[in-house]
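Listed here are the chains, written in short residue letters.
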Amino acid sequence: KTCSGDCRKPFLYYQVLNFAMIVSSALMIWKGLIVVTGSESPIVVVLSGSMEPAFHRGDLLFLTNFHDDPIRAGEIVVFKVEGRDIPIVHRVIKVHEKGNGNIKFLTKGDNNEVDDRGLYKEGQNWLEKKDVVGRVFALRRNGNYNNE
């Protein structure tokens, strides 16, 4: 059967529909991960060397953020600081718990000389649970998966 000029339209519609399905599927998977992990960003990429040798630039970190779990010293968290767009991946070095159940904590990069107080917003000496994007539970490095 011969075509009279408009044969490519159905093919173009099919390609656009196919692309829309791929994008919507990716968004559904991402939203599903957010719900399952409790983290607003369930997968992050390490951008600096501040956590070497534990993590290196380019490592993928898989996060959870279950609010019932207490934050403990030694745990690796991803947190956001007011005024900074990029989350930071560092280890909790001190936990300060008040009698009313309010928990504050201090972080530090394993490869840094000093704690993170210089990274926090001005006048802030401790982080709170509201600052946490997630806690590292797995790592992908060079094709290998490791549980933290």
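Cut-off values and rules
Residues numbered from 1 in each chain as written. Predicted model: local features only at pLDDT ≥ 70, side-chain atom pairs only at ≥ 80, totals over all residues. Heavy atoms only, no water. Helix = DSSP H or I, 4+ residues; strand = E, 2+ residues; numbered from the N terminus. Rg over C-alpha atoms; globule rule 2.2 N^0.38 Å. Buried < 20%, exposed > 50% of the residue type's maximum accessible area, 1.4 Å probe, protein only. Areas by Shrake-Rupley, 256 points an atom, 1.4 Å probe, with all protein chains shown as cover. Lys, Arg positive; Asp, Glu negative; His and termini not counted. Charge placed at Lys NZ, Arg CZ, Asp CG, Glu CD. UniProt positions renumbered as here; feature names shortened; annotations may be inferred. Polar contact = N/O pair within 3.5 Å; in protein donor to acceptor, adjacent residues only side chain to side chain. Contact = heavy atoms within 4.5 Å.

A. Here's a closer look at the overall build of the chain. Counting its secondary structure elements, the chain contains one helix and eight strands. Ordered by position from the N terminus, the helices and strands of the chain form the series α-β-β-β-β-β-β-β-β. For a compact globule of 148 residues, the expected C-alpha radius of gyration is about 15 Å, and the chain comes in at 21 Å, more than 25% above that figure. For the chain, the spread of C-alpha atoms along the principal axes amounts to about 80 × 35 × 30 Å. Residues classed as buried in the chain amount to 29% of the 148 residues present. In the form shown here, the chain has an accessible surface area of approximately 10000 Å², with 55% of it arising from carbon and sulfur atoms. Taking the average location of the 20 positive side-chain charges in the chain and that of its 18 negative ones, the two points are 5 Å from each other.

B. Region of interest: the UniProt feature "transmembrane region" (unreviewed entry) in the chain. Within the UniProt annotation, "transmembrane region" (unreviewed entry) is assigned to residues 12–30. End C-alpha atoms of residues 12–30 are separated by 27 Å, and the span's content is 100% helix alongside 0% strand.

C. Up close: the side chain of Asn65. Along the chain, Asn65 turns up in the loop between strand E2 (60–64) and strand E3 (76–79). Polar contacts involving the side chain of Asn65 include one to the main-chain carbonyl oxygen of Val133, which spans 3.4 Å. What Asn65 contacts, discounting residues up to four positions off in sequence, is Thr37, Gly38, Ser39, Val132, Val133, Gly134 and Arg135.

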